[in-house]
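Chains, contacts and geometry: an overview
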Amino acid sequence: MDPSSLDLLQYMARIASDERILIVGAYRPEDLVDNQTPDQTHDLVKLLRRLSREKLYLLIKLKRLNKDQTDRMVNSIFPANTFTLDFTDRVFGEAKGNPLFTEEILRELVESSVIFEKDQGWANTQVEQIRMPNTIKDVVMRRLGRLGEKKLELLQYAAAGGLEFNSEVIQKALGWKEDDTIEELDDLVKLRVLKESA
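1. Side note on the environment of D180
Within the secondary structure, D180 sits in helix α9 (residues 178-190). Using a relative accessible area of 29% as the deciding quantity, one classes D180 as partly exposed. Distance in space between the C-alpha atoms of D180 and Y57 is 38 Å, their sequence separation being 123 residues.

2. Considering the packing of helix α1 (residues 3-15) against helix α2 (residues 43-53)
For the pair α1 and α2, the least separation of the axes is 10 Å and the interaxial angle reads 15°. Our classification of the angle between α1 and α2 gives roughly parallel. The interaxial crossing formed by α1 with α2 has right-handed handedness. Residues P3, L6, L9, Q10 and A13 of α1 form the contact with α2, whose participating residues are D43, L44, L47, R50 and L51. When its residues are assigned to classes, the contact of α1 with α2 shows seven nonpolar, one polar and two charged.

3. Topic: the nonpolar core
Within the largest apolar cluster, 16 residues are counted, with the highest numbers of intra-cluster contacts made by F78, F83, F87, V91, I105, L109 and I115. Put simply, the parts of the chain that give this core at least two residues each are α4 (85-95) and α5 (99-111). Top contributing element to this core by residue count: α5, with four residues. Formed by 11 residues, the second largest nonpolar core is a distinct cluster that contains L155, I170, L188 and L194.

4. Section: a negative patch on the surface
On the surface, a cluster of negative charge is contributed by E168, E178, D179, E183, D186 and E196. The element that contributes the greatest number of residues to the negative patch is α9, accounting for four residues. Structurally, E168 can be placed in helix α8 (residues 167-174).

5. Remarks on the pairing of strand β1 (residues 115-118)
Working note: regular strand, side chains alternate between the two faces of the sheet. Bridge analysis of β1 against strand β2 (residues 121-124) gives four bridges, and the strand direction is antiparallel. Note on β2: the bridge partner recorded for E117 is W122. What sits between β1 and β2 in their antiparallel hairpin is a turn of two residues, with D119 showing a positive phi close to 50°.

6. What to know about helix α3 (residues 67-77)
For α3, the full list of buried residues reads T70, D71, M73 and V74. End-on view of α3: buried residues confined to an arc of 160°, all on one side of the axis. Residues R72 and S76 are exposed on α3 and point more than 90 degrees away from its buried face. The N-cap of α3, judged by a side-chain oxygen 3.0 Å from the amide nitrogen of D68 a few residues on, is N66.

7. A word on the confidence of the model for the protein
In this model, the protein carries an average pLDDT of 84, and 93% of its residues clear a pLDDT of 70 or more. The secondary structure element of the protein with the lowest average pLDDT is helix α6 (residues 134-145), at 72, and the one with the highest is α3, at 94.

8. Here we look at the packing of aromatic side chains
Under the definition given, this model contains three aromatic pairs. Aromatic pair F78 and F83: ring centres 5.7 Å apart, planes at 70°, arrangement edge-to-face. Comparing F78 with F83 shows no difference in burial state: the two are buried. Put simply, the rings of F78, F83, F87 and W122 touch in pairs and so form one group of aromatic residues. Directly above the ring of W176 sits K150, whose terminal nitrogen or CZ lies 5.1 Å from the centroid.

9. A closer look at a nonpolar patch on the surface
Together, L8, Y11, M12, I15, I21 and I23 make up an exposed nonpolar region whose accessible area comes to about 590 Å². Tracing the sequence through the fold places I15 in helix α1.

10. With respect to the pattern of salt bridges
Per the stated rule, a full pass over the model turns up nine salt bridges. The salt bridge partner of K46 is D43, with a shortest N-O separation of 3.9 Å. With K46 and D43 both in helix α2 and three residues apart, this pair spans about one turn of that helix. Since its relative accessible area comes to 39%, K46 is described here as partly exposed. Residue class for D43 comes out partly exposed when judged on its relative accessible area of 33%. Here D89 and K67 are joined by a salt bridge, their closest N and O atoms 3.0 Å apart. With D89 in helix α4 and K67 in helix α3, this residue pair connects regions lying 22 residues apart in the sequence.

Calculation notes
Within any chain, residue numbers begin from 1 and follow the written order of that chain's sequence. A pLDDT threshold of at least 70 governs which residues receive local features in this predicted model, and a stricter bar of 80 or more applies before side-chain atom pairs are shown or counted, although totals over entire chains, interfaces and linings include all residues. The side-chain quantities take in all heavy atoms of the structure and omit both hydrogens and water. Starting at the N terminus, helices and strands are each numbered in turn, a helix being any DSSP run of H or I of at least four residues and a strand any DSSP run of E of at least two. Relative accessibility decides the category of a residue: with a 1.4 Å probe and only protein chains considered, values under 20% of the type maximum give buried, values over 50% give exposed, and everything between is partly exposed. Axes here mean lines fitted to C-alpha atoms, for a helix over just the part in contact, with angles spanning 0 to 180 degrees between N-to-C directions. Here is the rule for angles: anything less than 35 degrees is roughly parallel, anything more than 145 is roughly antiparallel, 65 through 115 is roughly perpendicular, and the remaining ranges are oblique. By definition, turning the near helix anticlockwise from the far helix through less than a right angle yields a left-handed crossing, and turning it clockwise yields a right-handed one. Contact definition: two residues touch when any of their heavy atoms are within 4.5 Å. All amino acids are sorted into three groups, where Ala, Val, Leu, Ile, Met, Phe, Trp, Tyr, Cys and Pro are nonpolar, Asp, Glu, Lys and Arg are charged, and the leftover types, Gly among them, are polar. Nonpolar core, defined: a set of buried Ala, Val, Leu, Ile, Met, Phe, Trp, Tyr and Cys residues in which side-chain atoms within 4.5 Å join the residues together. Two joining distances apply to patches: 9 Å for like charges and 5 Å for nonpolar side chains (Val, Leu, Ile, Met, Phe, Trp, Tyr), and every residue must have over 30% relative accessible area and no salt bridge. Accessible surface is estimated by sampling points in the Shrake-Rupley manner with a 1.4 Å probe; for residues, cover comes only from the protein chains shown. The salt bridge criterion pairs a side-chain nitrogen of Lys or Arg with a carboxyl oxygen of Asp or Glu, the two atoms within 4 Å. Charged-residue counts in this description rest on Lys and Arg as positive and Asp and Glu as negative, His and the chain ends being excluded. Here the site of a charge means atom NZ of a Lys, CZ of an Arg, CG of an Asp or CD of a Glu. Each pair of strands is called paired provided DSSP finds at least two bridges between the two strands. Each C-beta atom gives one direction from the helix axis, and the arc is the one those directions make. A 3.5 Å cut-off defines polar contacts: any pair of N or O atoms within that distance qualifies, except that in protein one atom must be a possible hydrogen donor and the other a possible acceptor, and neighbouring residues in sequence count only when both atoms are side-chain atoms. On a range of 0 to 100, pLDDT expresses the predictor's confidence in each residue. We call Phe, Tyr and Trp rings a pair once their centres come within 6.5 Å, taking the six-membered ring for Trp, and we label the pair stacked below 30 degrees between planes, edge-to-face above 60, and tilted otherwise. By definition, being over a ring means that NZ of Lys or CZ of Arg is both within 6 Å of the ring centre and within 35 degrees of the ring normal.

Written out as C-alpha cells, the structure is:
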C-alpha cells in the first residue's frame, strides 16, 4: 500500500471507532520486509504500531492447519468422499498445513483426474506422488526472484543440505567471508525465507 492509502486507513480507523464498522485487512509478514533494505521499517508496520497504541487494531495470527484441520478442509470441499487415508496424508505432507497450498493441490488433482466424481460423491485413484501445482511454484519463484543473486546462491547451497544446515559449512562451500555469510543469512531470516534453529 502507498503512504496515502495507509493515511486513509488510519483516518478511517479513528472515525470508525465509535461506529459499528469493521475494517479487515490481511498481509503476510514476509511481505513487510524489503529485500533491498531489510533493516528499514515498512510503512504498514509503522501504521500498525500507531493503531495499536490507540487500541484501534487487533492482530489475529493465522496458524498452519494441523492434520485434522486439513482433513476437515478436504472433506468440506469434497463432501461424501471415499478418499483413502494415505491420500489425505500425502496432501497434508505436501501442503504442510498451508490452506492455499492445500486448495491448489486439490484443484490440480481434480484437473489431472486423480480426484473424480463417483456415485454422487468423490473418490481418488491411487497416487504415488503428489506434485506441487504450477500456481504455487509460480508464487515461490516470484518470491525467490526478488531476493537477488547472492541470496539465491546461498539458498541453493543450503538446500543441498536438506531442511537444516550449518552456516559454517555453507560459508566454506561458498568461499565467502564469515561477515558476508552472516549478513545474508540474517537478511533471509528477516525475510522469513529461513528460520533460525537453536
